[in-house]
Amino acid sequence: MKNSDKKKLSLWELYLTKEIGIEFKACLYFFAFLFFYCMYRVIGGVYDASILHMTELILTCYIIGYIQVYLLWNFDEADALRVKEVSGMVLCTAIYCVLSWLFNWLDRNIIATVLFGAYILFTYFCVFLVYKYKREIDDKKLNEDLQFFQTEHKKVHDKG
């Protein structure tokens, strides 16, 4: 196998990268939305959560994670928020709100559902910012590593 072939990502590695991203998104969003659900329950004087609701919510997070990555341009990892990305956020938020109503996660309370929708949009925006700043930090670190490598390579080359 050529050295250049070793550096290219295989289809398996590309697929695995997407799957790990979906897993991460599902867990991240599930935790955030479960927090909202639990706060809603506590404010209503209920101190337990439905296992059925949590199961529905995590399955929804996985399904929407696949939709985000494979159909909606992975909008929360985009370089900028344009119409396409915002429309993806709004569409997924609408799906979550409809399912929350159908599965009765928030007791079909219209105010709670609207607040849940706003919370989801806010969460998407925060995740977008986290991914954006992480990329900027990673780029800066890669540039520093490259500059260090070039400096060291030049020192070695100048000695030889």
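Residues numbered from 1 in each chain as written. Predicted model: local features only at pLDDT ≥ 70, side-chain atom pairs only at ≥ 80, totals over all residues. Heavy atoms only, no water.

Q: I'm lost on the nonpolar core in this one. Help?
A: Across soluble globular proteins, nonpolar side chains show a tendency to be buried alongside one another. Grouped together as the largest cluster of nonpolar side chains are 28 residues, with contacts concentrated most on Phe33, Cys61, Tyr96, Leu106, Phe116 and Tyr124. Sorting the residues of this core by element identifies helix H2 (11–43), helix H3 (51–70), helix H4 (83–102) and helix H5 (110–159) as the ones contributing at least two each. Here the element with the most residues in this core is H2; it accounts for nine residues. Ignoring any residue separated from it by four or fewer positions in sequence, one finds Leu106 in contact with Phe36, Tyr37, Tyr40, Ser100, Ala112, Thr113 and Phe116. (Core = buried A, V, L, I, M, F, W, Y, C linked by side-chain atoms within 4.5 Å. Buried < 20%, exposed > 50% of the residue type's maximum accessible area, 1.4 Å probe, protein only. Helix = DSSP H or I, 4+ residues; strand = E, 2+ residues; numbered from the N terminus. Contact = heavy atoms within 4.5 Å.)

Q: What is the right way to read the packing of H2 against H3 from this model?
A: Describing two packed helices takes the angle between their axes plus the distance from one axis to the other. Contact geometry for H2 and H3: axes closest at 8 Å, N-to-C directions at 140°. Compared by their axis directions, H2 and H3 come out oblique. Pair H2 / H3 crosses with right-handed handedness. When the residues that make up the contact of H2 with H3 are grouped by side-chain class, the tally is 17 nonpolar, three polar and four charged. (Axes fitted to C-alpha atoms, helices over the stretch in contact; angles between N-to-C directions. Parallel < 35°, antiparallel > 145°, perpendicular 65-115°, else oblique. Left-handed = near helix turned anticlockwise from the far one by under 90°. Nonpolar A, V, L, I, M, F, W, Y, C, P; charged D, E, K, R; others polar.)

Q: Before we go on, may I ask you to explain H3 in this structure?
A: Working note: α-helix, 3.6 residues per turn, so residues spaced by three or four point in the same direction. Along its 20 residues, H3 runs 29 Å from first to last C-alpha, staying within 8% of the 28 Å computed at 1.5 Å per residue. Elements in contact with the buried residues of H3: H2, H4 and H5. Between the side-chain oxygen at the start of H3 and the backbone nitrogen of Leu52 there is a gap of 3.2 Å, and the oxygen is on Ser50. (Expected span 1.5 Å × (residues − 1). Polar contact = N/O pair within 3.5 Å; in protein donor to acceptor, adjacent residues only side chain to side chain.)

Q: Any chance you could explain the pattern of salt bridges here in plain terms?
A: A side chain with one charge can pair with a side chain of the opposite charge if their charged atoms come near. Counted by the stated rule, this structure contains eight salt bridges. Glu152 is paired through a salt bridge with Lys155; the nearest N and O atoms lie 3.5 Å apart. Linking Glu152 with Lys155, this pair stays in helix H5, spanning three residues, or about one helical turn. A residue is classified by how much of its surface remains accessible, and Glu152, at 31% relative accessible area, is partly exposed. Since its relative accessible area comes to 46%, Lys155 is described here as partly exposed. Via salt bridges that share partners, Lys25, Asp76 and Glu77 belong to a single interconnected network. (Salt bridge = Lys/Arg side-chain N within 4 Å of Asp/Glu carboxyl O.)

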